[in-house]
Amino acid sequence: MKETIDYVSLNKKIIEASKLIGEKKFKEAKEILLSYIKETKNLYKKENAINYSFKNMTEFYLFVNTFKVNKEVYWINLKCDEAYRLLGYISVEEKDYDKALKYLKESFKYNPVNIKSFFEVVETHKMSGNLDKMKESIESLYDYIYEETSLARFYRNLGFYYIEKENYDLAFSLYLISLEYKYNNFALNEMVYIRQKLNDPNFIIDKKDAVKIIKENNINVGIKKHVLSLLKNLSSDKGLKKKDPNYIKSIKDSLDVLTKTIK
């Protein structure tokens, strides 16, 4: 008789580890995460097929449309990608940046479009002080952005980079546009910091000029067109709406923000 795998119980370990990380109990969290990986790693293996973990249908189709694979792709309800991402986060907190990058590389083996893992790579380079690698990793994740919160974070990270490079007009513009997608106190504080650096408390750039500055620096405003089309197609899928109305609502809510005109 084939053994039934209790995915729900297994995945509760990721939730438990996340809670411990929030409490700064890194040793205990690592033990749980490494145990989880040991238990689940081999469950991804399937003859003539590839098993991946995806957060939702958007990630599944992003993967299928981006990566050309010769095997069938199966979506398995496990979270090895998240386990490795959290191990990467812990390693950054412990200032072991090389180990963090190794863990994050493993994360992508289980979900090549995990946007949180991409941002963790950015954070690793940021905390290690490698600005060139930070910028490179920010740019590499753009193709996989499909939510307004991630787009805002993308601009905030670029804003940080350009503050460090003392390109204050561009940095201010990036923070300003990030607020169009998601309100964030950090972005507001950085805009105050830029005014202080310029010794001009009244410094301002209007949104129209901000968009122009960003585009002149070969940075896209908004998500990629093919990702936007994917979201629109998913939002109108009647079968998905019947199966998971909350997911469809979340897509439509994101589209409301992602498709608005910045004035």
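**Student:** Please explain the overall build of the protein chain as it appears in this structure.
**Tutor:** Along the protein chain, the regular secondary structure elements total 14 helices and three strands. Relative to a compact globule of 263 residues, whose C-alpha radius of gyration would be 18 Å, the protein chain shows 20 Å and is just as compact. Each principal axis of the C-alpha distribution contributes one length, and for the protein chain these read about 75 × 45 × 30 Å. Put simply, the protein chain has 263 residues, and 47% of those count as buried. Of the contacts made within the protein chain by residues no fewer than 6 positions apart, 63% connect residues no fewer than 24 positions apart. When the accessible surface of the protein chain is summed, it comes to about 15,000 Å², and 48% of that surface belongs to carbon and sulfur atoms. Separation between the mean location of the 47 positive side-chain charges and that of the 38 negative ones in the protein chain comes to 4 Å.

**Student:** Before we go on, may I ask you to explain the packing of helix α4 (residues 80-93) against helix α5 (residues 97-110) in this structure?
**Tutor:** Where α4 contacts α5, the axes come no closer than 8 Å and their chain directions differ by 170 degrees. Between α4 and α5, the angle falls in the class roughly antiparallel. Taking contact as the criterion, the partners of Cys80, Asp81, Tyr84, Arg85, Leu87, Gly88, Ser91 and Val92 in α4 are, on α5, Tyr97, Lys99, Ala100, Tyr103, Leu104, Glu106, Ser107 and Tyr110. Looking at the contact of α4 with α5 residue by residue, the classes come out as nine nonpolar, three polar and four charged.

**Student:** Explain the nonpolar core to me, please; I cannot follow it from the model alone.
**Tutor:** Ranked by internal contacts, the top residues of the largest apolar core, which has 59 residues, are Leu151, Phe154 and Ile219. For Phe154, the residues in contact, after removing those within four places along its chain, are Phe119, Ile138, Leu141, Tyr142, Ile145 and Ile219.

**Student:** I would appreciate a short explanation of unusual backbone geometry in the present structure.
**Tutor:** Among all residues except glycine, the phi angle is most often negative; among peptide bonds, the trans geometry is most common. Of note, the phi angle at Asn199 is positive, near 55 degrees, even though the residue is not glycine. Secondary-structure assignment places Asn199 in the loop between α10 (185-197) and α11 (207-216). Its identity as a non-glycine residue notwithstanding, Asn218 has a phi of 60 degrees, on the positive side. In this fold, Asn218 is placed in the loop between α11 and α12 (225-235).

What counts, and where the lines are drawn
Residues numbered from 1 in each chain as written. Predicted model: local features only at pLDDT ≥ 70, side-chain atom pairs only at ≥ 80, totals over all residues. Heavy atoms only, no water. Helix = DSSP H or I, 4+ residues; strand = E, 2+ residues; numbered from the N terminus. Rg over C-alpha atoms; globule rule 2.2 N^0.38 Å. Buried < 20%, exposed > 50% of the residue type's maximum accessible area, 1.4 Å probe, protein only. Contact = heavy atoms within 4.5 Å. Areas by Shrake-Rupley, 256 points an atom, 1.4 Å probe, with all protein chains shown as cover. Lys, Arg positive; Asp, Glu negative; His and termini not counted. Charge placed at Lys NZ, Arg CZ, Asp CG, Glu CD. Axes fitted to C-alpha atoms, helices over the stretch in contact; angles between N-to-C directions. Parallel < 35°, antiparallel > 145°, perpendicular 65-115°, else oblique. Nonpolar A, V, L, I, M, F, W, Y, C, P; charged D, E, K, R; others polar. Core = buried A, V, L, I, M, F, W, Y, C linked by side-chain atoms within 4.5 Å.

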